[in-house]
Amino acid sequence: MLLAIESSCDETAAAVCDNQGKILSNVLRTQAIHAQYGGVIPELASRAHQQTIITVVKHALEKANITKNEVKAIAVTQGPGLIGALLVGLHFAKGFALAKNIPLIGVNHIQAHVLAHLIDNPDIEFPFLCLLVSGGHTQIMWVKSPLDMEIIGRTIDDAAGEAFDKGAKMLGFPYPGGHIIDKYAQQGNPERFDFPVSNVPDLNYSFSGLKTALLYFLQKQTPEYIQTNLADICASYQHAISKALLNKFSLAIQKYKPKAITLAGGVAANSYIRTQLIELGNHFNIPAYIPAFEYCTDNAAMIAIAGLHLWKAGKVSQQDIVPYTMYQ
Ligand code: KG4
Ligand code: ZN
């Protein structure tokens, strides 16, 4: 049995998996406190992790129906993420490993998002390409094997989830508003308004221009006009994000010729982007995978599966590991 902890941003999470990678529990506590500020406040995130981590771990053990003594290894997100937030999970895991005399495994959060695919699809073929889109990251990953992957494209400014959330804020929706744009867009026409589709060099992305384009567009309209055309505005804005994401991903498919394509991260919940990815798979005749929603957004089950692979490969960590804020 392996216990996993995730505390890199605004979700305090713990999960348990067995030695075959079966998820026995996946517990998550989202920090509601940030909604009133329109974004995650790092100091408040660390404090909230501190307050809830013990309860979340207890729930995860209870749900998996095991005791602390049955945990044979502990995996924890080491980075990237908010330093104070990461420290809470890391210190908890170090203490637990020391007290129980079990291996400690530091996990890369990005790699864990990618490995979340193995939870429900352990037979997915390598090498595959993963489009990783969330509030904090937008990357194309070339995944050669579970522990061998590289970033081949990334955003040079905002993440796709940020483009959704900042757009949502401009439209008057509460944080995080990505799913609200998705909801309105389902009734709208994606081709009604022409928002710019970013095209920066190589396999990279940029979303800051799109955000500014929405701002200027809204400044020119009356509140009544915006209200009446909300569905079309959301659909067109979402279309520009999706098209930018899929255009570069399509180029990556042609260049790398993967055995499968996958979508991961919180933005993978977006109904439009999901449909577009499946269509891309059909177009290239390659299987396309999207994890269950609970494994798309930040969660500890993905840390468990990544931790298990590392543990089996003998890649355990020492007590002196430190958190990292950037991908490494
Ligand atoms: O992976 P995640 O839980 O955490 C971060 O890395 O931040 O992703 C959260 C992001 C937020 O930006 C949220 O607005 C976005 O995923 N998101 C969506 C949808 N559901 C969540 N964006 C667009 N459409 C959705 N349905
Ligand atoms: Zn994440």
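So, how was this worked out
Residues numbered from 1 in each chain as written. Chains lettered and ligands numbered in written order. Predicted model: local features only at pLDDT ≥ 70, side-chain atom pairs only at ≥ 80, totals over all residues. Heavy atoms only, no water. Pairing = 2+ DSSP bridges. Helix = DSSP H or I, 4+ residues; strand = E, 2+ residues; numbered from the N terminus. Axes fitted to C-alpha atoms, helices over the stretch in contact; angles between N-to-C directions. Contact = heavy atoms within 4.5 Å. Near = heavy atom within 4 Å. Polar contact = N/O pair within 3.5 Å; in protein donor to acceptor, adjacent residues only side chain to side chain. Areas by Shrake-Rupley, 256 points an atom, 1.4 Å probe, with all protein chains shown as cover. Patch = residues over 30% accessible without salt bridge, like charges linked within 9 Å, V, L, I, M, F, W, Y side chains within 5 Å. Salt bridge = Lys/Arg side-chain N within 4 Å of Asp/Glu carboxyl O. Buried < 20%, exposed > 50% of the residue type's maximum accessible area, 1.4 Å probe, protein only. Donors = N, O, S within 2.8 Å, 3.2 Å for Na, K, Ca; no water. Domains from an automatic or database assignment. Buried area = accessible area lost by both parts, 1.4 Å probe. Nonpolar A, V, L, I, M, F, W, Y, C, P; charged D, E, K, R; others polar.

Peer 1: Tell me about the sheet that holds strand β1 (residues 2-6), and name the residues and values.
Peer 2: Taken in spatial order, the five strands make up an open sheet running β3-β2-β1-β4-β5, and their pairing is mixed. Each edge of the open sheet is held by one strand with a lone partner, namely β3 (23-30) and β5 (104-108). Direction aside, neighbouring strands of the sheet carry axes that sit 20° apart on average. One ladder, built from five bridges, connects β1 with strand β2 (residues 11-17); its direction is antiparallel. Bridge pairing links Leu3 to Val16 in β2. Seen against the sheet, helix α1 (residues 42-64) touches β1, β2 and β3 and runs at an angle of roughly 25° to β2. Helix α2 (residues 83-100) rests against β1, β4 (73-79) and β5 of the sheet, and its axis sits at about 155° to β4.

Peer 1: Which residues make up the site of ligand 1, and what are the values?
Peer 2: Near ligand 1 lie 19 residues; those nearest to it are Ser134, Asp165, Asp182, Gly266 and Asn270. Gly135 places a main-chain nitrogen or oxygen 3.4 Å from an oxygen atom of ligand 1. Against a free-state accessible area of 550 Å², the protein chains account for coverage of 88% of ligand 1. Those elements that place two or more of their residues in the shell around ligand 1 are α5 (160-170) and α6 (178-185).

Peer 1: Before we move on, could you go through a nonpolar patch on the surface and cite the residues and values that matter?
Peer 2: There is a patch of nonpolar side chains on the surface, built from Ile33, Tyr37 and Ile41 and spanning about 240 Å² of accessible area. Relative to the elements of secondary structure, Ile41 occurs in the loop between β3 and α1. You can call Ile41 partly exposed: its relative accessible area is 31%.

Peer 1: Explain the pairing of strand β6 (residues 128-133) to me, using residue names and the numbers behind them.
Peer 2: In terms of burial, β6 is largely enclosed, as six of its six residues are buried. With burial as the criterion, each face of β6 is covered, one bearing Phe128, Cys130 and Leu132 and the other bearing Leu129, Leu131 and Val133. Pairing geometry for β6 and strand β7 (residues 138-145), over six bridges, is antiparallel. Its bridge partner being in β7, Val133 is matched across the sheet by Thr138. Where β6 folds back onto β7 in an antiparallel hairpin, the turn is made up of four residues.

Peer 1: Outline the pairing of β3, supporting the account with residue identities and numerical values.
Peer 2: Sheet faces and side chains relate simply in a regular strand, where the side chains alternate between the two faces. In this sheet, β3 lies alongside β2 in antiparallel orientation, the contact comprising seven bridges. Note on β3: the bridge partner recorded for Ala14 is Val27. Between β2 and β3, which pair antiparallel in sequence order, lie five residues; one of them, Gly21, sits at a positive phi of approximately 90°.

Peer 1: Residues and numbers for the sheet that holds β6, please.
Peer 2: Read from one edge to the other, the open sheet built from five strands follows the order β8-β7-β6-β9-β10, with strand pairing classed as mixed. Each edge of the sheet is formed by a strand with only one pairing partner; in this case those strands are β8 (148-154) and β10 (288-289). Sheet strands in contact with helix α9 (residues 230-256) are β6, β7, β8 and β9 (260-264), and its direction is about 160° off that of β6. Across the sheet, helix α10 (residues 271-284) lies against β9 and β10, angled at about 175° from β9, the strand it touches most.

Peer 1: I'd love a proper account of the coordination of the zinc ion (ligand 2), names of residues and values included.
Peer 2: At this site the zinc ion (ligand 2) is bound by His109 (NE2), His113 (NE2) and Asp298 (OD), with donor distances of 2.1 to 2.2 Å. Spacing between the donor residues of the zinc ion (ligand 2) along the chain follows H-x3-H-x184-D. A residue pair is termed a helical-turn pair when its members lie 3 or 4 positions apart in one helix, as His109 and His113 do in helix α3 (residues 109-115) at four residues. In terms of burial, His109 and His113 fall into one category: buried.

Peer 1: Report on the domain arrangement of the protein chain, specifying residues and quantitative values.
Peer 2: Partitioning the protein chain into structural domains gives domain 1 (2-115 + 299-312) and domain 2 (126-293). The straight-line distance from the C-alpha centre of domain 1 to that of domain 2 is 27 Å. On the side of domain 2, 14 residues touch domain 1, which itself brings 14 residues to the contact. Interface of domain 1 and domain 2: buried area, both sides summed, is about 1200 Å²; carbon and sulfur atoms make up 76% of it. Area buried by domain 1 at its contact with domain 2 is led by Ile110, His113 and Val114, which between them contribute 44% of it. The interface formed by domain 1 and domain 2 includes zero salt bridges. Elements that contribute at least two residues to the side of domain 1 that touches domain 2 include exactly α3 and α12 (301-312). Element by element, the count of residues in the side of domain 1 that touches domain 2 is highest for α3, at six residues. Here the side of domain 1 that touches domain 2 is composed, by residue class, of seven nonpolar, seven polar and no charged.

Peer 1: If you had to explain the side chain of His137 to someone new, which residues and values would you point to?
Peer 2: You can see His137 is positioned in the loop between β6 and β7. Classification of His137 by relative accessible area gives buried; the value is 12%.

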